[in-house]
Amino acid sequence: MLWFQGGSVCLFCSQYVFHRTKTSCGHATGGWSPLISDRYQWLEVDLGRRTQITAVATQGRYGSSDWLTAYLLMFSDTGHNWRQHRQEDSLGAFPGNSNADTVVQYKLEQPVIARYLRLIPLDWNPTGRIGLRLEIYGCRYTSDVANFDGSSSLVYRLSVRPSWMTTEIISLKFKTLKNSGTLLHAEGLRDHSLTLVLEKGKLLSPSGGQLLVSLGSLLDDQHWHHVKLERLSTHLNLTVDKNTQQVHVPAELSHWHIHTKPILSNRNFHGCMENLLYSDLHLIHLAKHNSPQVTVGNVTFSCAEPVSVAVTFTDSHSFLQLPSLTSWSSGVASVALQFRTWNKVGLLLTFDLPQQDGTVLLYLSEARLRLQISKAGRAPLELSTGSGLNDGQWHSVELNFRQDHLSITVDKDEGATAHTIIPLPLTTHSQLFFGGKTTSKNTSSQECRNPSKAFQGCMRRLTLDDQTVDLISVQQRLLGNYSHLQIDMCGIVDRCSPSHCEHGGRCTQSWSTFHCNCSNSGYRGATCHSSTYEQSCEVYKHKGNTSGHYYIDVDGSGPVKPQLIYCNMTEDRTWTVIQHNNTELTRVQSSPERNQHFAHFDYSSEEEQLTTIISQSEHCEQELSYHCRKSRLLNTLEGSPFSWWVGGPGSGQVHTYWGGALPGSRQCACGLEDSCLDPSHYCNCDADYDQWTDDSGLLTHKDTLPVRSLVLGDIQRPGSEAAYRVGPLRCHGDENFWNAAFFDKETSYLHFPTFHGELNADISFLFKTTSSSGVFLENLGIKDFIRIELSSSSEVVFSFDVGNGPLDVRVQTDLPLNDNRWHSVRAERNVKEASLRVDDFPPATQEAPADGLIHLQLNSQLFIGGTASRQKGFLGCIRSLQLNGITLDLEERAKITPGVRPGCPGHCSSYGLLCQNQGRCVEKANGFSCDCGQSAFSGAFCHEEVSASFKSTTSVTYILKERYEPSRNSSALPSFIYSDITLRAENVSLSFRTSQSPALLLHVSSFYREYLTLLINKHEFCPWPFVTVISLCLTCIIFQVDHNAREDFNLTADVEFNSIKSLTLGRVRESDGSDAELAGLTSLGFTGCLSGVRFNSISPLKAALHHPDSSVIVTGPLVQSSCGSSSPVSPYPAETTHSLSDQPGSVDPGQPLVNTIRSDSALIGGVIAVVIFVTVSALVIMARFICSRKDTYRNQEVKAAQPEDGHEFPFSSQADSPSVPNENQKEYFI
């Protein structure tokens, strides 16, 4: 350890301040205090030689009110070109003291090697002055250094081929002012080579004409950078400073011959290298001692340090003012400089033209250099040149005035020049302003005004008429003036190296921040951290989505990419279906040339996704079938199986049992069931019969799935024939989505290991409660913490602290959250911002402080449902809790925790509304299902229309049975009572598509010869087809056609419609005593499409198509089709999200991609008819009354069409077409 006292080293301040040095330890008095207390003071320490500095400690000035509360640390090898030390690569300021006596020590995360240290006060005790006692801790540093001047070389060759080493390491340090050059070249076998090349300040590693890796940025800053190459078998780890990337390298590079000479003459390396090591060999040390293994050329063993003083413009108040030269009065002048920046705009230089009341502006606009000359009463003259000048590289600018000629040049030979002919009178009184301009005549004012947007970046090599500006004199206030500058350093920071943009997000930056473009990545947020897609088909279903292809991201914000997977949403289960390259039945012909048939299966999902889907599913299965004729499957006389298959995670394992049997049983399904053709064998195919048979079944043990390959052995004998099929992998259930715990005491909680989300943390879960407050989650550190809580019945708060002070993100909802329904919460915190989302309410976002601490450092246990203090506990259920894509197993922990129960029933209160069209929500242990038994629809949410195409001869009759038969001696009439049918009201609904008129839609008859008929009529006063929605309430009838206005009619009788016998769709084949005119109409039938037919709780069309039995009589052609469905939805386009606060786009990310029908398309323009018909006479009166008013219900958009040949309609050819119906065809809903 080195301990430096204030009086034992050289101390420097800016020359216009008083400085005094005293000891900083023990009870001695004194300390350093400048005459003026402002931010332009510094304390500089020369350690005499390069030293490894590990810590600094500060203390206030003894016996005073003088101490620092915050300061910056700068380091340098030469006393120039300072480098600011940053904590966590972000925060530059160090915390200081709170009094004059306490010593505050800060240990550097990584030791700094430097000779000079500079401490710059930022803030101090407001009632005192700048005051400081300082200690520096460290140890001596030794190294071997070599200087390369562009023609130098150092070559190391292996004299003896070494034995094989699994690991080889090359490491070095380098510093340079050039942004390009070859650092190292390693040759392997057969002309393979590996090169480290500096290109535009980045370190590239090409090999064999391909770029292996690119790492680092701004490496041309004349500071030491550490490089390490580590070969691990066929992989190469490249480390630059703190960042590492791994790449695959050819086997020919298993051994290296190392060169540090350029490959191309124009790519010479100019700079210094230090401690060049190959494994345990110090190559520079060997070169210094003339080792025969090392050949050197023009290398010196000390580092030449060129002095290049830069200046940093930090903010919008920065400016540098310099006087013009006396030679400018001749009209000949030149200004040159170099700059680097990330900003597209910014003022570089401006000065006035007093004689013409004009101004010259040199500035950046859209990353191009522009020169504007404005004169009073004249239009401005503009020149433009260059492009892409905001790339962070040094660019040179030359501005030349020659009599009446003016030119600007960017990057000399590699750039461009613009020029014009214009007289430009210059004077010696002009003041040149770089980066900004003061608004006060008193140039000592610290305020400035930028005619263009502020320049933020670095400048160096400022010259006026080829005379270099002495920026150190400017710093010492001996020349010109300045404000808000950092002199003798370039403070540019590459915020995209390493990039905080995840999942392939593209990083762009300005001087003070960065931005992630998440387009086409499948992720969103400020750092592309959160997945746009759901983690399973189960989640999509519970958001109301139907069967189709969806992008599934199995690990959320984890590294596994989202992939397109088919989700089959059935009424009782949600199946995830993963295809492979051959799911068809494949024939295998016998061949005497080969003894076995090999089949390999490549799945549409990546390995990590397959493994995750299988592990988190409740059940998985895969069909494995073998069809055989004289081709045995498993058992042989020798005991070795003819065939086997490989399955399971990774490369899989060999299995010798078949579908439907148990693992390790070496049987088929028939052997397990004792049903094989030959009882002496355990597979049908092993009977070796000369007839076709098969062994088929499902593989259901998740540890053996998926099937990866198949080997069939008994295929070479004459007459042997076989076929096999390996179906797609099918899984249902999501154990993560339903993993839940119920907290029934405020003092109860679950605890888990510490949450590690240092730079990016996303937390998501669902909850339901009747309580108005409670803590969902809490994790503490020494100072840092993270917490999510329900603060009131309508507010959720996300709180955290990463060292910059506590920050709250709040979402206030319009509806209560303690309604015992499931609500979703998603919180995310990254280096740019924090966001909180609750259900579909607008999210809340808080930006992170600029240049603040960014690492979340926690060390306590993670508490769920409560806190360590057992206060403010949560009462209710928490489900599907995920932290950075990893699900916490609440149920397992709840099983062993008092006051917490695993699982949480009751889902229909939250998801019941997904069941449509009279579907009934049924509770399940994990989720719910929709019972469509009482609905005319089917599907996962009773949303799929049951549709069929009718011909004129088609008839579907549903027979309703009486509860009892009356005795022969009874005079009572037949009585019918049906559970869902009342005696005083009927509910009828259906949708149809037809061009036939007249046409019968529905005919209902009773045992009392009463009837209800719904038809499209045609009359001389009714030239248009019409459809009605009917609702009768004893004395009234209400009609509605699609969305047209409702019409009400009054009946003259109050009677009932009893004892319904049958319902008929299409043609009525037997007359039930209705009048002749109506009987003629009903005999015409219906040609077109009927869908969603429901009479009270009876669905006759659904029964005919899905459950044909004795209650349904079908005559004529009846073809089920999708004619009642609307056009499929368009595929879901990729979503671009730049920020956590971005609102969802117009397209729901849960929308299926192909082959799906949205659940809300089932009844487009649906019309509901509730009809009460009491007596036959009342029905006749109603029918004639309707006919007299039928012109009220005509559809204004579609004209009637005369059916060809009476009643036939060619519907089937267009039933499935998504095109718009033609003029003679339209769909109606009742």
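Per an unreviewed UniProt entry, the protein goes by the name Contactin associated protein like 3 and belongs to Amphiprion ocellaris. Among the UniProt annotations of the protein, the heading Subcellular location (unreviewed entry) holds the following wording: "Membrane". The record held by UniProt for the protein lists under Sequence similarities (unreviewed entry) the comment "Belongs to the neurexin family."

S.K.: Whenever I open this one, the pattern of salt bridges confuses me. Can you help?
M.R.: A side chain of one charge can pair with a side chain of the opposite charge when the charged atoms of the two come close. The final tally for this structure, using the stated rule, is 33 salt bridges. A salt bridge links Asp714 to Arg632; the nearest nitrogen and oxygen atoms lie 2.9 Å apart. In this pair, Asp714 sits in the loop between strand E51 (707-712) and strand E52 (721-726) while Arg632 sits in the loop between strand E47 (619-629) and strand E48 (644-647), placing the two residues 82 residues apart along the sequence. In this structure Arg632 comes out as partly exposed when scored by relative accessible area, which is 22%. With a closest N to O distance of 2.9 Å, Lys895 and Glu892 form a salt bridge. A relative accessible area of 53% means that Lys895 is categorised as exposed. A single network of salt bridges, built from pairs that share partners, joins Arg50, Asp77, Lys175, Glu274 and Glu305.

S.K.: Help me understand the sheet that holds E48, please; the structure alone is not making it clear to me.
M.R.: What links the strands of a sheet is backbone hydrogen bonding, and the strands pair in either a parallel or an antiparallel sense. Here we have four strands laid out as an open sheet, ordered E46-E51-E48-E49, and antiparallel in their pairing. On the outer flanks of this sheet lie strand E46 (597-600) and strand E49 (653-655), each paired with one strand and no other. Recorded for the sheet is a direction-independent mean angle of 20° between the axes of neighbouring strands. Both E48 and E49 contribute to a ladder of three bridges, which runs antiparallel. Directly across from Gly647, in E49, lies its bridge partner Gln653.

S.K.: Mind showing me how you'd approach the environment of Asp889 here?
M.R.: With respect to the secondary-structure elements, Asp889 resides in the loop between strand E66 (886-887) and helix H6 (890-894). Asp889 sits in the partly exposed class, given a relative accessible area of 35%. In this structure, the C-alpha to C-alpha distance between Asp889 and Ala741, residues 148 residues apart in sequence, is 9.2 Å. If sequence neighbours within four positions are ignored, Asp889 has contacts with Asn739 and Phe752.

S.K.: What am I meant to see in the state of the cysteines here?
M.R.: Covalent bonding between the sulfur atoms of two cysteines defines a disulfide. Within this structure, the stated rule accounts for 14 disulfides. Between the sulfur atoms of Cys518 and its disulfide partner Cys528 the distance amounts to 2.1 Å. Residues Cys518 and Cys528 share a disulfide whose torsion about the S-S bond is about -95°; that sign makes it left-handed. Taken together, the residues span a long stretch of sequence, with Cys518 in the loop between strand E39 (514-517) and strand E40 (523-524) and Cys528 in the loop between E40 and strand E41 (530-531) at a distance of ten residues.

S.K.: So what exactly am I meant to see when it comes to the packing of aromatic side chains here?
M.R.: A ring pair, where both rings are aromatic, is described by two values, the distance of the centres and the angle of the planes. Taken as a whole, this structure holds 26 aromatic pairs when the rule is applied. Between Tyr40 and Tyr482, the ring centres sit 5.7 Å apart and the planes meet at 75°, which makes this aromatic pair edge-to-face. Of this pair, Tyr40 sits in the loop between strand E2 (10-12) and strand E3 (43-59) while Tyr482 sits in strand E36 (residues 481-483); the two residues are 442 residues apart in sequence, bridging distant segments of the chain. Just above the ring of Phe514 sits the side chain of Lys832; from NZ or CZ to the centre is 5.1 Å. Residue placement shows Arg879 over the ring face of Trp822; its charged tip is 4.5 Å from the ring centre.

S.K.: Can you walk me through the sheet that holds strand E58 (residues 785-792) in this structure?
M.R.: The six strands lie next to each other as E55-E64-E57-E58-E59-E60, forming an open sheet whose pairing is antiparallel. Each edge of the open sheet carries a strand with a single partner, namely strand E55 (750-752) and strand E60 (807-812). Sheet twist, expressed as the average angle between the axes of neighbouring strands with direction ignored, equals 15°. Of the strand pairs in this sheet, E58 and strand E59 (residues 795-801) are connected by seven bridges, and their pairing is antiparallel. Counted as the bridge partner of Glu789 is Val797 from E59.

Definitions and cut-offs
Residues numbered from 1 in each chain as written. Predicted model: local features only at pLDDT ≥ 70, side-chain atom pairs only at ≥ 80, totals over all residues. Heavy atoms only, no water. UniProt positions renumbered as here; feature names shortened; annotations may be inferred. Salt bridge = Lys/Arg side-chain N within 4 Å of Asp/Glu carboxyl O. Helix = DSSP H or I, 4+ residues; strand = E, 2+ residues; numbered from the N terminus. Buried < 20%, exposed > 50% of the residue type's maximum accessible area, 1.4 Å probe, protein only. Pairing = 2+ DSSP bridges. Axes fitted to C-alpha atoms, helices over the stretch in contact; angles between N-to-C directions. Contact = heavy atoms within 4.5 Å. Disulfide = S-S within 2.5 Å. Phe/Tyr/Trp six-rings, centres within 6.5 Å; stacked < 30°, edge-to-face > 60°. Lys NZ or Arg CZ within 6 Å of the ring centre and 35° of its normal.

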